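# Residue-level structural notes
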Amino acid sequence: MYTSQETPEHEQVHFFHDRKSGLRAIIALHDTALGDAMGGCRMWPYTSFDDALKDALRLSKGMSYKCALAGLDIGGGKSVIIGDPMKDKTPELLKAMAESINQLGGRYVAAEDSGTSVADMKAMQEYSDHIVGTTVQENRLWEQNDGDPSPATAYGVLMGIQASVMHKFGKESLEGLNVNIQGLGHVGFRVAKHLAEAGANIYVYDPVPERQARAVKELGAVAVSASDVVTKPADIFCPCAMGAAVNSTTCEQLDVAIVAGAANNQLATSEEGRRLFERGILYAPDFVINAGGIIEVGMGRKGESSDAVNSRVVGISSTLLEIFVRSDADAIPTFEVAELMAQEVIERARNKSIEPRAVAARVTNPQDKTALAL
Ligand code: NAD
């Protein structure tokens, strides 16, 4: 079992078990200094409870950082349902999950994620007010369907790739660049489409043969193998599948100038982030470049205008440029710069929410340097 020492950064971690439906789920709230937590509800056939817990902890922390650097007043949370979405998902289980979310009284708001769909979120909305990502929004820069955040995420990734290319190669156009795309799901296929439309040459791999065939047929992509998508020399490696695409092995195999894609937790460990930096490969931190979906869903829920949502997603490129510039100036890896910037935003929010009385007490203590920052 995990102890509080192993989850020192998380505000709350809840485990839910519903005997009738068989639900086993974890809801992790990483940090709510910026606002109530929001994050996907993932369903996955985890092989152990520990794996599920680790995923919930890692992903909820990523959400805190993602919201902070996207300028959202939303905290970081994530829920995971332990089970096979193809076999174990039932209306009773979704109802039990919605009721579990209700027990947190709105401190956690759920959206679709791997293994869940917009239809599942709609089913859960029958029982809970704390579910988002089911409404079609008007006048976005990206195509709209049924409330799925993937189009906004893919558009944000395009913005991030453009910023990376601008920083690394000093050019605006993606014309003629070679991009290896790993994963052609909800986000990956749309990223591939944007890149093909921008004139890039795309090399794609997905274990589902129909997805790969569709990209070849509709986008003029070149299908490559699981290993070639990593090792083939290219300008950009674009991970859009599951986490740890850049691990101790692939990190050394990559023959690219830029790593920029949609996947969460692209770096297996911090070590790979440092290694990319040493190798001169520009890494667009995952929680910055893939924030389009949370911007869409989070700002959409508050009824913010399309102009505001569009410009916030476009703004992913300027946030990345700032990170790249700081990384060069301070000679530290981009992921470390992004983490520091996110922590600064969260810390500022936390300090602001301190009761005035508590602030007064601390200001009277000249030893308390933190009071000066308030
Ligand atoms: P998805 O499940 O629709 O797509 C994932 C794709 O990856 C599938 O087509 C799958 O077949 C493929 N895949 C699995 N293993 C692979 C491998 N070894 N090599 C290549 N492809 C492989 O998921 P998605 O919604 O497109 O999300 C993709 C990634 O982006 C995930 O890491 C997700 O957490 C992250 N992300 C998604 C969103 C969003 O709005 N959907 C937002 C932020 C981050």
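In case you missed it, the structure is sitting above this.
Residues numbered from 1 in each chain as written. Predicted model: local features only at pLDDT ≥ 70, side-chain atom pairs only at ≥ 80, totals over all residues. Heavy atoms only, no water.

On a plain count of helices and strands, the protein chain comes out with 15 helices and 11 strands. Since a compact globule built from 374 residues should have a radius of gyration of about 21 Å, the 21 Å found for the protein chain is in line with a globular shape. Over its C-alpha atoms, taken along the principal directions, the protein chain stretches across nearly 60 × 55 × 45 Å. Per-residue burial over the protein chain gives 52% buried out of 374 residues. Surface exposure of the protein chain reaches about 16700 Å², of which carbon and sulfur atoms provide 50%. Of note, the protein chain has its 36 positive side-chain charges centred 2 Å away from the centre of its 49 negative side-chain charges. (Helix = DSSP H or I, 4+ residues; strand = E, 2+ residues; numbered from the N terminus. Rg over C-alpha atoms; globule rule 2.2 N^0.38 Å. Buried < 20%, exposed > 50% of the residue type's maximum accessible area, 1.4 Å probe, protein only. Areas by Shrake-Rupley, 256 points an atom, 1.4 Å probe, with all protein chains shown as cover. Lys, Arg positive; Asp, Glu negative; His and termini not counted. Charge placed at Lys NZ, Arg CZ, Asp CG, Glu CD.)

Below, the discussion takes up the site of the ligand. Around the ligand, 22 residues are found, and the nearest of them are T153, H186, D206, R211 and A241. Here an oxygen atom of the ligand sits 2.7 Å away from a polar atom, N or O, in the main chain of A241. With respect to the ligand, the backbone of A262 contributes an N or O atom lying 3.3 Å from an oxygen atom. Protein chains shield 78% of the accessible area of the ligand, which is 830 Å² for the free molecule. Counting only elements with at least two residues in the shell around the ligand, the list comes to α4 (150-169) and α5 (186-197). Among the residues making up the shell around the ligand, the classes are represented as 10 nonpolar, 8 polar and 4 charged. (Near = heavy atom within 4 Å. Polar contact = N/O pair within 3.5 Å; in protein donor to acceptor, adjacent residues only side chain to side chain. Nonpolar A, V, L, I, M, F, W, Y, C, P; charged D, E, K, R; others polar.)

So, on to α4. The end-to-end C-alpha distance of α4, which contains 20 residues, comes to 28 Å, matching closely the 28 Å that a straight helix rising 1.5 Å per residue would cover. Across the 20 residues that make up α4, a large majority, 15, are buried. Where α4 terminates, the next one or two residues include G170, which has phi positive at roughly 65°. (Expected span 1.5 Å × (residues − 1).)

Here we take up unusual backbone geometry. Residues other than glycine seldom take positive phi values, yet A244 does so here, at roughly 60°. Residue placement: A244 occurs in the loop between β9 (236-239) and α8 (250-253). The exposure class assigned to A244 is partly exposed, which follows from its relative accessible area of 29%. One non-glycine residue, A331, lies in the positive phi region at around 55°. In this structure, A331 sits in the loop between α13 (316-330) and α14 (334-352).

Let's shift gears to the sheet that holds strand β2 (residues 23-31). Judged by pairing direction, the sheet is mixed, and its 5 strands sit side by side in the order β1-β2-β4-β3-β5 without closing on themselves. Looking at which strands have only one partner, the edges of the open sheet turn out to be β1 (12-18) and β5 (108-112). On average, each strand axis in the sheet is inclined to that of its neighbour by 25°, with strand direction left out of account. Note: β1 against β2, 7 bridges, orientation antiparallel. If you follow F15 over to β2, its bridge partner there is I26. (Pairing = 2+ DSSP bridges. Axes fitted to C-alpha atoms, helices over the stretch in contact; angles between N-to-C directions.)

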